[in-house]
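What follows is the residue order along each chain.
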Amino acid sequence: MSAIIRDEEGQILLLCKGADRFGCTGIISSSSKQTLMIYFFLNFSCSIIFDRLSKKGKDYLGATSKHLNEYGEAGLRTLALGYRKLDEAEYAAWNSEFHKAKTSVGADRDELLEKVSDMMEKELILVGATAVEDKLQKGVPQCIDNLAQAGLKIWVLTGDKMETAINIGYACSLLRQGMKQISISFTNVEESSQHSEPAVRQNILMQITNASQMIKIEKDPHAAFALIIDGKTLTYALKDDVKYQFLALAVACASVICCRVSPKQKALVTRLAKEGTGKTTLAIGDGANDVGMIQEAHIGVGISGVEGMQAVMASDFSIAQFRFLERLLVVHGHWCYKRIAQMICYFFYKNIAFGLTLFYFEAFTGFSGQSIFNDSYLLLFNVVLTSLPVISLGVFEQDVPSDVCLEFPALYQQGPKNLFFDWYRILGWMGNGVYASIVIFTLNLGIFHVQSFRSDGQTADMNAMGTAMFTCIIWAVNVQIALTMSHFTWIQHVLIWGSIGAWYIFLALYGMLPPKLSGNIFHMLLEILAPAPIFWLTSLLVIAATTLPYLFHISYQRSVYPLDHHIIQEIKHFRIDLEDERMWKREKSKAREKTKIGFTARVDAKIRQLRVKLQRKHSVLSVISGTSSNDTASNMI
């Protein structure tokens, strides 16, 4: 970022701060000429302070570079400072060009502003550098470790120096000892300026190709690679003829760190990962320079804090600290996927079971247009009688508690693997709905159509049979959603069984209205259906018949092909986790995705190294023992 000011003596100065090699800056200006006034405008352009120094402004370049490297290796965030004196004519000419670019309304407005900014940010005099300590927030390494065990790939896009970014990588366990680091850079700036752009691009492409080949020929299954690339090199790596090779290399690496990148490059890398892999991407940041990346990703998460609220305002979710991302994804992400998937599948089941009974009756009556259900039934079905249980499923359903989700992070993979919303699951629910509709229609038709259902020999008319059939539908769909749920609260019980009770209350009250209002439903429940035992027996028979396929399916699956959450539910139900803690720990160790980053991966790598050392030591001792035995035998001979 740069500022144009006028000091007390009337001298106009350009003050510039930014990355020493590559970063994001913006010029600050205005048309006012008040003394000591700082002028602002929002235009971001890539500023490379060292590359924009004048020949007379490099007196402290060597010492400053040395200090910046030392600060970066210590994990500090660094900036370089420079200035330039401007005369009135130069500033007036530039301000005129800037005003034209700022007031332009074309698609190239940003490019014009960037060009005007570049006109001013040159021939700078180096003042010095700053270094600020920016400690990791509490719980960041543990959060990254658990997210990695949940099967997520984590990339770091930062504006810090490469040394600082590498230290941060070690601090949060994205990097570890023994991990092979692939550093792609074109570090010699003077040499890069002398070569043509195609030559530079070819050099970077060759580095990417060689790195990809190195990963392919690696035979150690435990080998981990980390890709580190700076912003200047990333400019060429994101070109159309290179970006997909760069993406393939990045995907093959365990961790990726892009340092000294601009906000635009953050957004471009996010877009490349989103479009190139076809996977769901999430971007998280806390500053204004992360807005483009957050908006480009499928899911944007903003961290509220000292950096301002720009990232929060541009995001889909807001959290206070980075460590809360673990609970947002592993707990609420897992629950949300299960809830939405089950809700949609249940909607298919419910409406198919209800709608096909109408179709069957139309076919039975020769498509006469006569409906077997009263119009009020049709209005109440989706609005009152079956809506609240679905809401309770979408709000309160939990297959496992939150603490178990955190202990078993691999449960999160049920979402990316789409275990509960694939075509097999959808067609299964649709088939269950077709089966339920057939059972409901045929049983009610066979029981009420040709025989009396009252002790006095009274037979059921179309309204009585329609009401009995509708009652069976209400029972079937609500009992089905109760069987689908894994977690019950008193609210769910009230909504599910209350919806069934509301049907009987409505039928009784509606039947008490005068015949002009109730029509053919006059005293339908109290005088016609309720006194007939066959009405209640039919409801029980239909409930049992419609739920049998689901009960058989879930019993077979839990017994033969149980999913992870089925095993956890059984362990929790029988309290096996309290009786056999060793078994519980063993199950937790299984329910983790294999990863090569994070604290757990670092510990595993250390254990493997110790095992290799012990094996070598044991083999050396065996050789020495064998040699001693041979010497003893020779002496005896």
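Owing to the predicted nature of the structure, the values given are computational and were not obtained by experimental measurement. (Residues numbered from 1 in each chain as written. Predicted model: local features only at pLDDT ≥ 70, side-chain atom pairs only at ≥ 80, totals over all residues. Heavy atoms only, no water.)

### Considering the overall build of the chain
Okay, step 1: The helix and strand tally for the chain stands at 26 helices and 14 strands.
Okay, step 2: Within the chain, the proportion of its 637 residues that are buried is 44%.
Okay, step 3: Restricting the contact set of the chain to residue pairs at least 6 apart, pairs at least 24 apart contribute 74%. (Helix = DSSP H or I, 4+ residues; strand = E, 2+ residues; numbered from the N terminus. Buried < 20%, exposed > 50% of the residue type's maximum accessible area, 1.4 Å probe, protein only. Contact = heavy atoms within 4.5 Å.)

### Topic: the sheet that holds strand 11 (residues 255–259)
Strand pairing within a sheet occurs via backbone hydrogen bonds; the two strands may be parallel or antiparallel.
Okay, step 1: Within the open sheet, the four strands sit side by side as 8-11-10-9. Their pairing is parallel. With one partner strand each, in any of the chains shown, strand 8 (155–157) and strand 9 (180–184) form the two edges of the open sheet. Between one strand axis and the next, the sheet turns through 15 degrees on average, direction left out of account.
Okay, step 2: Where strand 9 lies against strand 10 (residues 225–230), five bridges are found, and the strand directions are parallel. Each residue of the ladder has a partner; that of glutamine 181, found in strand 10, is alanine 226. (Pairing = 2+ DSSP bridges. Axes fitted to C-alpha atoms, helices over the stretch in contact; angles between N-to-C directions.)

### Quick look at the environment of methionine 343
Okay, step 1: You can see methionine 343 is positioned in helix 13 (residues 324–364).
Okay, step 2: When the C-alpha positions of methionine 343 and valine 390 are compared, they lie 6.6 Å apart, and in sequence the two are 47 residues distant.
Okay, step 3: Those residues in contact with methionine 343 that lie beyond four places of it in its chain are Val390, Leu393 and Gly394.

### Details of the environment of leucine 443
Okay, step 1: Note that leucine 443 resides in helix 17 (residues 423–448).
Okay, step 2: When the C-alpha atoms of leucine 443 and alanine 545 are compared, they prove to be 9.7 Å apart, with 102 residues separating the residues in sequence.
Okay, step 3: Among all residues touching leucine 443, those that are not within four sequence positions of it are Leu541, Val542 and Ala545.

### Looking at the pattern of salt bridges
Okay, step 1: Considering all chains together, one arrives at eleven salt bridges under this definition.
Okay, step 2: Here lysine 338 and aspartate 399 are joined by a salt bridge, their closest N and O atoms 2.9 Å apart. Placement of the pair is lysine 338 in helix 13 and aspartate 399 in the loop between helix 15 (387–396) and helix 16 (402–407), with a sequence separation of 61 residues.
Okay, step 3: The buried category is assigned to lysine 338, whose relative accessible area is 4%. (Salt bridge = Lys/Arg side-chain N within 4 Å of Asp/Glu carboxyl O.)

### A few points about the sheet that holds strand 12 (residues 282–285)
Okay, step 1: The three strands lie next to each other as 12-13-14, forming an open sheet whose pairing is parallel. Strands at the two margins of the open sheet, each flanked by one partner only, are strand 12 and strand 14 (317–319). Averaged over all pairs of adjacent strands, the angle between strand axes in this sheet comes to 20 degrees, irrespective of strand direction.
Okay, step 2: Contacts from helix 13 reach strand 12, strand 13 (299–303) and strand 14, with the element oriented near 140 degrees to strand 14.

### A closer look at the UniProt feature "transmembrane region" (unreviewed entry) in the chain
Okay, step 1: With numbering matched to this structure, UniProt assigns "transmembrane region" (unreviewed entry) to residues 346–365, 377–396, 426–447, 468–488, 494–513 and 534–552.
Okay, step 2: Regarding residues 377–396, the helix share stands at 95% and the strand share at 0%, and the terminal C-alpha atoms are separated by 28 Å.
Okay, step 3: Helix makes up 100% of residues 534–552 and strand makes up 0%, while its end C-alpha atoms are separated by 27 Å. (UniProt positions renumbered as here; feature names shortened; annotations may be inferred.)

### Some thoughts on a nonpolar patch on the surface
Okay, step 1: A contiguous nonpolar patch, built from Ile505, Leu509, Met512 and Leu526 and spanning about 400 Å² of accessible area, is present on the exposed surface.
Okay, step 2: Considering each element in turn, the nonpolar patch owes the most residues, three residues, to helix 19 (residues 490–512).
Okay, step 3: Secondary-structure assignment places leucine 526 in helix 21 (residues 524–529). (Patch = residues over 30% accessible without salt bridge, like charges linked within 9 Å, V, L, I, M, F, W, Y side chains within 5 Å. Areas by Shrake-Rupley, 256 points an atom, 1.4 Å probe, with all protein chains shown as cover.)

### A word on the packing of helix 18 (residues 462–484) against helix 19
Okay, step 1: Two numbers describe how helix 18 lies on helix 19: the axes approach to 9 Å, and their chain directions differ by 165 degrees. Taken together, helix 18 and helix 19 sit at an angle that is classed as roughly antiparallel. Note that helix 18 runs across helix 19; the crossing there is right-handed. Facing helix 18, whose interface residues are Thr467, Phe470, Thr471, Ile474, Trp475, Asn478, Val479, Ile481 and Ala482, helix 19 presents Ile496, Trp497, Ser499, Ile500, Trp503, Tyr504 and Leu507.
Okay, step 2: A per-class count over the contact of helix 18 with helix 19 returns twelve nonpolar, four polar and no charged. (Parallel < 35°, antiparallel > 145°, perpendicular 65-115°, else oblique. Left-handed = near helix turned anticlockwise from the far one by under 90°. Nonpolar A, V, L, I, M, F, W, Y, C, P; charged D, E, K, R; others polar.)

### Section: helix 9 (residues 243–252)
Okay, step 1: Regarding helix 9, the residues found buried are Phe246, Leu247, Leu249 and Ala250. Seen from one end, helix 9 has its buried residues packed into an arc of 165 degrees, which puts them on one side. (Arc of directions from axis to C-beta.)

### Considerations on the nonpolar core
Side chains of nonpolar character tend, in soluble globular proteins, to be buried together.
Okay, step 1: If you look at the biggest cluster of nonpolar residues, it comprises 54 residues, and the most contacted ones within it are Phe373, Phe470 and Trp503.
Okay, step 2: Where this core is concerned, the elements lending two or more residues are helix 13, helix 14 (375–385), helix 15, helix 17, helix 18, helix 19, helix 21 and helix 22 (533–560).
Okay, step 3: Sorting elements by how many residues they give to this core places helix 18 first, with twelve residues.
Okay, step 4: Not counting residues up to four positions away in its chain, the partners in contact with tryptophan 503 are Tyr377, Leu385, Thr467, Phe470, Thr471 and Ile474.
Okay, step 5: Counting 37 residues, the second largest nonpolar core, distinct from the first, contains Cys172, Ile319, Val330 and Tyr412. (Core = buried A, V, L, I, M, F, W, Y, C linked by side-chain atoms within 4.5 Å.)

### Digging into the packing of aromatic side chains
Okay, step 1: Evaluated as defined, the whole model comprises 24 aromatic pairs.
Okay, step 2: Both rings, one in tyrosine 349 and one in tryptophan 429, keep their centres 5.8 Å apart while their planes meet at 75 degrees; by these two values the pair is edge-to-face. Taken together, the positions of tyrosine 349 in helix 13 and tryptophan 429 in helix 17 put the pair 80 residues apart, joining distant regions of the chain. Of the two residues, tyrosine 349 and tryptophan 429, neither departs from the other in class, the shared state being buried. (Phe/Tyr/Trp six-rings, centres within 6.5 Å; stacked < 30°, edge-to-face > 60°.)

### Re the packing of helix 14 against helix 19
Okay, step 1: Running from amino to carboxyl end, helix 14 crosses helix 19 at an angle of 150 degrees, the nearest separation of the two axes being 11 Å. By the angle class used here, helix 14 and helix 19 are roughly antiparallel. Considering the relative orientation of helix 14 and helix 19, their crossing is right-handed. Contacts between helix 14 and helix 19 involve Ser376, Tyr377, Leu380, Val384 and Leu385 from the first element and Ser499, Ala502, Trp503, Phe506, Leu507 and Tyr510 from the second.
Okay, step 2: Its residues assigned to classes, the contact of helix 14 with helix 19 shows nine nonpolar, two polar and no charged.

### Here's the deal with the pairing of strand 12
Okay, step 1: Residue alternation in strand 12 divides its side chains into a buried set, Ala283 and Gly285, and an unburied set, Leu282 and Ile284.
Okay, step 2: Here four bridges tie strand 12 to strand 13, and the two strands are oriented parallel to one another. Residue pairing across strands places glycine 285 opposite glycine 302, the latter belonging to strand 13.
Okay, step 3: With respect to chirality, the unit in which strand 12 leads through helix 11 (residues 291–296) into the neighbouring parallel strand 13 is right-handed. (Right-handed = clockwise from strand over helix to strand, strands pointing away.)

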